[in-house]
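Below, each chain spelled out in residue letters.
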Amino acid sequence: MIFAKSAKDLDKMRAVGELIAEVREALRAMVAPGISTLELNNAADKMIRDAGAIPTFIGYHGFPYAICASVNHEIVHGFSKPDPLKDGDIISLDMAATYQGFVGDTATTVPVGTISEDLAQLIRVTEECLAYGIEASCVNNRIGDIGWAVQQHAEKFGYGIVRDYTGHGIGRNMHEAPQIPNYGRPGTKEKIRAGYCFAIEPMLNIGTADTRTLSDKWTVVTADGKPSAHAEHTLAVTPDGPEVLTLTKEQKSRQKAASAT
Ligand code: MG
């Protein structure tokens, strides 16, 4: 069953969304050649706890870290490590916090130093696919419309769309109904209603969509070893359209200023 959130619930979803967005942007600013994913993880853990929240990933089905740090051909659920990131890498950072009983979930893929044009395009198109998925998250649309919006854009570039992992409903729990695949047919699956909250998270690969899980039982990598990018926002469906919850205070005021002009 899909839970529609009350006005009071939505205020808490906004609070946790902004909290985890601030952590995401702080981590983005830290990414540079030489820093390790373990340092990024520890910084995120501290920022989330200092804000009075809990890193939702820790202990989730036994996951041991506050963030998922997935480098290059790693798609999702990468472990944080002491090895330094290298110039030309891309790093996907996925994180969630629980605050006042509600969860915010967000991910971004960040270039390490100078990256190739192929990788820059992969990141850019992944973010564009996320934006199309958000745009389709409107009252009376259906879940299949979101998947279609992501898929039609990704396919223009020939990218493999990961099918083994999907976006999801979110609220008091990180993973709620419905599942939100990054592919689909327009007009199919559940109808979208006001008060629904979704985490939409396209994962695009330069090569095959096929995945494989490493012996740590968590890290998911591309089957062909080619790079992968990931972007995720938590949003609320309102009568006026989708409201992205995982924006920083600054991003929200910039958005407001842009829509006023
Ligand atoms: Mg998620």
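Now for a description of the structure that goes with this document. (Residues numbered from 1 in each chain as written. Predicted model: local features only at pLDDT ≥ 70, side-chain atom pairs only at ≥ 80, totals over all residues. Heavy atoms only, no water.)

A separate point is the nonpolar core. Formed by 39 residues in total, the largest nonpolar core has its most connected members in L27, L40, I67, I91 and L93. Contributing elements (two or more residues each) for this core: α1 (7–30), α2 (37–50), β2 (67–71), β4 (90–99), β5 (102–111) and β9 (197–200). Sort the elements by how many residues they give to this core and α1 lands first, with seven residues. With sequence-adjacent residues up to four places away left out, L40 is seen in contact with L27, M30, V31, I35, I67, L85 and L93. (Core = buried A, V, L, I, M, F, W, Y, C linked by side-chain atoms within 4.5 Å. Buried < 20%, exposed > 50% of the residue type's maximum accessible area, 1.4 Å probe, protein only. Helix = DSSP H or I, 4+ residues; strand = E, 2+ residues; numbered from the N terminus. Contact = heavy atoms within 4.5 Å.)

Taken together, D105 (OD), H168 (NE2), E201 (OE) and E232 (OE) make up the protein donors of the magnesium ion, found 2.1 to 2.3 Å from the metal. All donors of the magnesium ion come from a single chain, and their spacing in sequence reads D-x62-H-x32-E-x30-E. Here the residue H168 occupies a position in strand β7 (residues 167–169), and E232 occupies one in the loop between β13 (228–230) and β14 (233–238), the gap between them amounting to 64 residues. Note on H168: relative accessible area 4%, which makes it buried. With a relative accessible area of 0%, E232 lands in the buried category. (Donors = N, O, S within 2.8 Å, 3.2 Å for Na, K, Ca; no water.)

A separate point is the packing of aromatic side chains. A full pass over the atoms with the stated rule returns seven aromatic pairs. Seen from their ring centres, F63 and W218 are 5.0 Å apart, and the 85° between their planes marks the pair as edge-to-face. Within this pair, whereas F63 is found in the loop between β1 (54–55) and β2, its partner W218 is found in the loop between β11 (211–213) and β12 (220–222), the two being separated by 155 residues in sequence. An aromatic cluster is present here, built from F57, F63, Y65, F79 and W218 joined pairwise through their rings. The cationic tip of R163 hangs over the ring face of Y183; the distance from NZ or CZ to the ring centre is 3.8 Å. (Phe/Tyr/Trp six-rings, centres within 6.5 Å; stacked < 30°, edge-to-face > 60°. Lys NZ or Arg CZ within 6 Å of the ring centre and 35° of its normal.)

Strands sit in the order β6-β10-β13 across an open sheet of three strands; the sheet is antiparallel. Because the sheet does not close on itself, it has two edges, and the strands there are β6 (160–161) and β13. Alignment of strand β10 (residues 203–205) against β13, held across three bridges, turns out to be antiparallel. Considered in β13, the bridge of L204 is made with A229. (Pairing = 2+ DSSP bridges.)

To characterise two packed helices, one gives the angle between the axes of the helices and the distance between these axes. Here α1 crosses α2 at 150°, and the two axes come no closer than 10 Å. Taken together, the axis directions place α1 and α2 in an arrangement best described as roughly antiparallel. Considering the relative orientation of α1 and α2, their crossing is right-handed. Facing I20, V23, A26, L27 and M30 of α1, the residues of α2 in contact are E39, L40, A43, A44, M47 and I48. (Axes fitted to C-alpha atoms, helices over the stretch in contact; angles between N-to-C directions. Parallel < 35°, antiparallel > 145°, perpendicular 65-115°, else oblique. Left-handed = near helix turned anticlockwise from the far one by under 90°.)

Attention now moves to the packing of α1 against helix α5 (residues 249–260). Two elements in contact, α1 and α5, have axes whose closest approach is 8 Å; the angle formed by their N-to-C orientations is 105°. The orientation of α1 with respect to α5, classified from their angle, is roughly perpendicular. For the pair α1 and α5, the contacting residues are R14, E18, E22, R24 and E25 in the first and K249, Q251 and K252 in the second. Looking at the contact of α1 with α5, its residues break down into no nonpolar, one polar and seven charged. (Nonpolar A, V, L, I, M, F, W, Y, C, P; charged D, E, K, R; others polar.)

All right, on to the pattern of salt bridges then. Side-chain pairing between opposite charges can occur once the charged atoms of the two side chains come close. Scanning all chains against the criterion turns up twelve salt bridges. In this structure, R172 and D9 form a salt bridge, with 3.9 Å as the shortest nitrogen-oxygen distance. Residue R172 is found in the loop between β7 and β8 (176–180), and its partner D9 is found in helix α1; the two are separated by 163 residues along the sequence. Here K249 ties to E18 by a salt bridge, and the two come within 3.9 Å at their closest N and O atoms. With K249 in helix α5 and E18 in helix α1, this pair connects stretches of sequence that are 231 residues apart. In the salt-bridge network here, residues are joined through shared partners; they are D11, R14 and E243. (Salt bridge = Lys/Arg side-chain N within 4 Å of Asp/Glu carboxyl O.)

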